[in-house]
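Reading the structure
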Amino acid sequence: FPLYFDHGTKPSDAGYEYIVLPAASPAEVERYAAAPAVRILQNDASVQAVQHAGLHRTMATFLQAGALDLGDGRTLEVNQPAIVILDESGAEPVVSIANPDRPGLVVAVTLRGPDAVHAGTFALGSGSNLGKTVTASLTPTNGAQTSAYSASSAAEGRGAALAGDGDSSTSWASSDGGVQWVAK
């Protein structure tokens, strides 16, 4: 079936936002509209982002480097264009990140809050791995410096930043079997 929005003949500085509810009845749409589970955080030329507070997840498409206001004095920052899913449902924030358009990007992600700063650096793929999602926990940091290391996975408390922290008593460890990687 065709679905489109008539934007008029010459729209200028106009915008819209919507949430798709597949297979929802009109009554279900009305109930959802009265108490939406998803909140639109930003919808402009630099970032398109939504947040589901109940699932503790934020999904954002950064069309350029920048910061997203998450509310409560918190921001999510990237230094390259990327598609990011931030999962804060566990003890440490986990990021899934990809960029299907630009091969070989290294993306620094920082989650800043009033009480803590978490960061990670993600080496994204190229060739047959272009657009492949990379998922890892963000590492607590003092906010002054982020790690240049990223990894395919990390065991609890053994994040990629430990591979290059200069401390011989710490090390990175993967959480999965099979082929794993750590990159700088």
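See the structure above.
So, here is what we can say about the structure in this document. (Residues numbered from 1 in each chain as written. Predicted model: local features only at pLDDT ≥ 70, side-chain atom pairs only at ≥ 80, totals over all residues. Heavy atoms only, no water.)

Take the sheet that holds strand E3 (residues 57-62) next. Read across the sheet, six strands follow the order E1-E2-E3-E6-E7-E10 without closing on themselves; strand pairing throughout is antiparallel. The two strands at the open ends of the sheet, each matched to only one other strand, are strand E1 (38-43) and strand E10 (134-137). On average, each strand axis in the sheet is tilted by 15° relative to the strand beside it, whichever way the strands run. Where strand E6 (residues 82-87) meets strand E7 (residues 94-98), five bridges bridge the pair, whose relative direction is antiparallel. Its bridge partner being in E7, Ile 83 is matched across the sheet by Ala 98. (Pairing = 2+ DSSP bridges. Helix = DSSP H or I, 4+ residues; strand = E, 2+ residues; numbered from the N terminus. Axes fitted to C-alpha atoms, helices over the stretch in contact; angles between N-to-C directions.)

To continue, consider the environment of Val 109. With respect to the helices and strands, the residue Val 109 is situated in strand E8 (residues 106-112). Judged by relative accessible area, Val 109 falls into the buried class, the value being 0%. The residues touching Val 109, leaving out its near neighbours within four places in the chain, are Leu 76, Glu 77, Val 78, Val 95, Ile 97, His 118, Ala 119, Gly 120, Phe 122 and Leu 138. (Buried < 20%, exposed > 50% of the residue type's maximum accessible area, 1.4 Å probe, protein only. Contact = heavy atoms within 4.5 Å.)

Ranked by size, the top nonpolar core spans 23 residues in total, and within it Leu 68, Ile 97, Val 109 and Phe 122 carry the most contacts. Elements represented by at least two residues in this core include exactly strand E2 (47-52), E3, strand E4 (66-71), strand E5 (74-78), E6, E7, E8 and E10. (Core = buried A, V, L, I, M, F, W, Y, C linked by side-chain atoms within 4.5 Å.)

Quick look at the sheet that holds strand E9 (residues 117-123) now. Sheet architecture is open: five strands sit in the order E4-E5-E8-E9-E11, paired in antiparallel fashion. Of all strands in the sheet, those with a lone pairing partner are E4 and strand E11 (139-141), marking the two edges. Ignoring strand direction, the axes of neighbouring strands in this sheet form an average angle of 25°. Taken together, the five bridges between E4 and E5 define a ladder with antiparallel strand orientation. Within E5, the residue paired with Asp 69 across the bridge is Thr 75.

This part is about the pairing of E8. Counting buried positions along E8 yields five of seven residues, so the element is predominantly enclosed. Pairing between E5 and E8: four bridges, direction antiparallel. Note that in E8 the partner of Thr 75 across the bridge is Arg 112. Here E8 pairs with E9 via seven bridges, running antiparallel. Within E9, the residue paired with Leu 111 across the bridge is His 118. Between the end of E8 and the start of E9, which pair antiparallel, lie four residues.

Turning our attention to a nonpolar patch on the surface. Together, Phe 5, Tyr 16, Tyr 18 and Val 20 line one region of the surface with nonpolar side chains, adding up to about 440 Å² of accessible area. We classify Tyr 16 as partly exposed; its relative accessible area is 42%. (Patch = residues over 30% accessible without salt bridge, like charges linked within 9 Å, V, L, I, M, F, W, Y side chains within 5 Å. Areas by Shrake-Rupley, 256 points an atom, 1.4 Å probe, with all protein chains shown as cover. Salt bridge = Lys/Arg side-chain N within 4 Å of Asp/Glu carboxyl O.)

For the rest of this paragraph, the subject is the pattern of salt bridges. Opposite charge on two side chains lets them pair, provided their charged atoms get close. Scanning the entire structure with this criterion turns up three salt bridges. As a salt-bridge pair, Glu 88 and Arg 74 come within 2.6 Å of each other at their nearest N and O atoms. You can see Glu 88 sitting in the loop between E6 and E7 and its partner Arg 74 sitting in strand E5, a full 14 residues away along the chain. A residue is classified by how much of its surface remains accessible, and Arg 74, at 19% relative accessible area, is buried. Among the ionic pairs, Glu 77 bridges to Arg 112, the shortest N-O distance being 2.9 Å. Of this pair, Glu 77 sits in strand E5 while Arg 112 sits in strand E8, and the two are 35 residues apart along the sequence.

Within the secondary structure, Ala 154 is located in the loop between strand E12 (150-151) and strand E13 (182-183). Owing to a relative accessible area of 24%, Ala 154 belongs among the partly exposed residues under this scheme. For the pair formed by Ala 154 and Ala 173, sequence separation is 19 residues and the distance between their alpha carbons is 5.6 Å. Not counting residues up to four positions away in its chain, the partners in contact with Ala 154 are Gly 159, Ala 160, Trp 172, Ala 173, Ser 174 and Ser 175.

Read these as layout, nothing more, since geometry by itself doesn't imply function.
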